[in-house]
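Take a look at the letters that make up each chain.
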Amino acid sequence: MGSLLNLDLVIGRMNLPLLSLFALIAAFGAFIACGGKNDAGTTIKVMAASSLTEAFQELAEEFEAGHPGDIVRLEFGGSQRLRSQLAFGAEADVFASADHRQMDLLLAAGLAATPVKIFAENTMTVIASAQSEVRRLEDLVKPDVRLVLAQTVVPAGVYSHQMLKNLTQDQTLGLGELYEKSIHRNLVSEESNVRGVGQKVALAEADAGVVYRTDVPVARSIGDILVIETPSSSDVIAEYPIATLTNTEAPELAHEFVAFVLSDAGRSVLSDHGFALP
């Protein structure tokens, strides 16, 4: 604003022909644009799966600390929703998905650039409200137990259903083939992302749900929950791919951010937030 006022004063004191005045204004505008770019740095937008929220917030802070003036804008949500937004023209520079399917769809559409890198892994677990009567896996099929899962169109939902199927096939548990069907009778809600599952259980709006292991501390920060241990035979490994996007207007900084996520410093942040490293 100060610069514009100074320009007004200069123009007011100068007796210039109209064309010369327009030329002066254009030159001053170009000066401001260049100065803004140099002073403000570059901004990139990173779209990432909701389960990455806390980890990527810290990664962005550390990255910005090493790139003075540059800014990392973050948008979190279900991987499927973010991928759909990109397919319909949303602009971003980097995409981090909770599964391969959403990244593969972007690649097929020519929206993601290679190489795609796997930067983290995760597993699923069952959580229960401390106010509920769910204490064991067998309790999930009891009458009136309110179960919540992520929608099957998002990675967490796919992983959750696969884990439940694995539980029915574990002979040592003796849950039987009807276990998964019985659980589905108690399914009262399907959330658009995994954070919605943890929130409903933590607020006792549901008795139990399936979330990523890394989401347990987040749910506990909202309310009192219990972790229902599951056998390793039921584990489903969730792999997280990351890539720059082909419509990025800042390819150099986007590549640098991806490289930082994959670096020792980035891996340390991810590990601190409970992610396994590939």
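Residues numbered from 1 in each chain as written. Predicted model: local features only at pLDDT ≥ 70, side-chain atom pairs only at ≥ 80, totals over all residues. Heavy atoms only, no water.

Considering the nonpolar core
Worth spelling out the cut-off: Side-chain atoms within 4.5 Å are what join buried Ala, Val, Leu, Ile, Met, Phe, Trp, Tyr and Cys residues into a set we call a nonpolar core. Exposure categories follow from relative accessible area, calculated using a 1.4 Å probe and restricted to protein chains: below 20% of the type maximum is buried, above 50% is exposed, and the middle band is partly exposed. Residue contacts are counted whenever heavy atoms from the two residues lie within 4.5 Å of one another.
The biggest cluster of nonpolar side chains holds 64 residues, and the ones touching the most others in it are Phe56 and Phe119. Discounting residues that sit within four places of it in the chain, Phe119 has contacts with Leu52, Phe56, Ala96, Tyr240, Pro241, Ile242, Val261, Leu262, Leu270, Leu277 and Pro278. Formed by ten residues, the second largest nonpolar core is a distinct cluster that contains Leu82, Ala92, Met103 and Leu245.

A word on unusual backbone geometry
Applicable threshold: Every helix listed is a DSSP run of H or I at least four residues long, and every strand listed is a run of E at least two residues long, numbered separately from the N terminus.
The omega torsion of the bond from Thr114 to Pro115 falls at 5°, within 30 degrees of zero and hence cis. Inspection of the secondary structure puts Pro115 in the loop between α5 (100-108) and β4 (117-122). For Asp144, which is not glycine, the phi dihedral falls at a positive 70°. With respect to the element layout, Asp144 can be found in the loop between β5 (124-129) and β6 (147-150). Overall, Asp144 belongs to the exposed group, its relative accessible area being 72%. Although it is not a glycine, Ala204 adopts a positive phi angle of roughly 65°.

Comments concerning the pattern of salt bridges
Short version of the rule: When a carboxyl oxygen of Asp or Glu lies within 4 Å of a side-chain nitrogen of Lys or Arg, that pair is called a salt bridge.
Summed over the entire model, instances satisfying the criterion amount to seven salt bridges. Glu75 is the salt-bridge partner of Lys45, the closest N and O atoms lying 3.0 Å from each other. With a gap of 30 residues between them, Lys45 in strand β1 (residues 43-49) and Glu75 in strand β2 (residues 71-77) connect regions that are remote in the sequence. Arg146 is the partner of Asp207 in a salt bridge, and the nearest nitrogen-oxygen pair spans 3.2 Å. With Asp207 in the loop between α8 (194-202) and β8 (208-212) and Arg146 in the loop between β5 and β6, the pair connects residues that are 61 residues apart, well separated along the chain.

Here's the deal with helix α10 (residues 251-262)
Going by this rule: Multiplying 1.5 Å by the helix residue count minus one yields the expected span of that helix. The directions from the helix axis to the C-beta atoms form the arc being described.
Between its first and last C-alpha atoms α10 spans 17 Å; for twelve residues at 1.5 Å apiece the expected length is 16 Å, and the two agree. Residues of α10 that are buried: Leu253, Ala254, Phe257, Val258, Phe260 and Val261. When α10 is viewed along its axis, its buried side chains cluster within an angular range of 160° and face the same direction.

Notes on the sheet that holds strand β3 (residues 94-96)
In any sheet, the strands associate via hydrogen bonds between backbone groups, in a parallel or an antiparallel arrangement. Put simply, the test is: Pairing between strands requires that DSSP locate at least two bridges from one strand to the other. For helices, the axis comes from a line fit to the C-alpha atoms of the stretch in contact; other axes are also lines fit to C-alpha atoms, and the angle between any two N-to-C directions lies between 0 and 180 degrees.
A sheet is described by the order of its strands in space; here five strands give the open sequence β2-β1-β3-β10-β4, paired in mixed fashion. Each end of this open sheet is capped by a strand with a single partner; those strands are β2 and β4. Neighbouring strand axes in the sheet, compared pairwise and without regard to direction, differ in orientation by 20° on average. Where β4 and strand β10 (residues 238-244) come together, five bridges link them in antiparallel fashion. Each residue of the ladder has a partner; that of Ile118, found in β10, is Pro241. Sheet contacts for helix α4 (residues 79-87): β1, β2 and β3; angle to β2, the most-contacted strand, approximately 120°.

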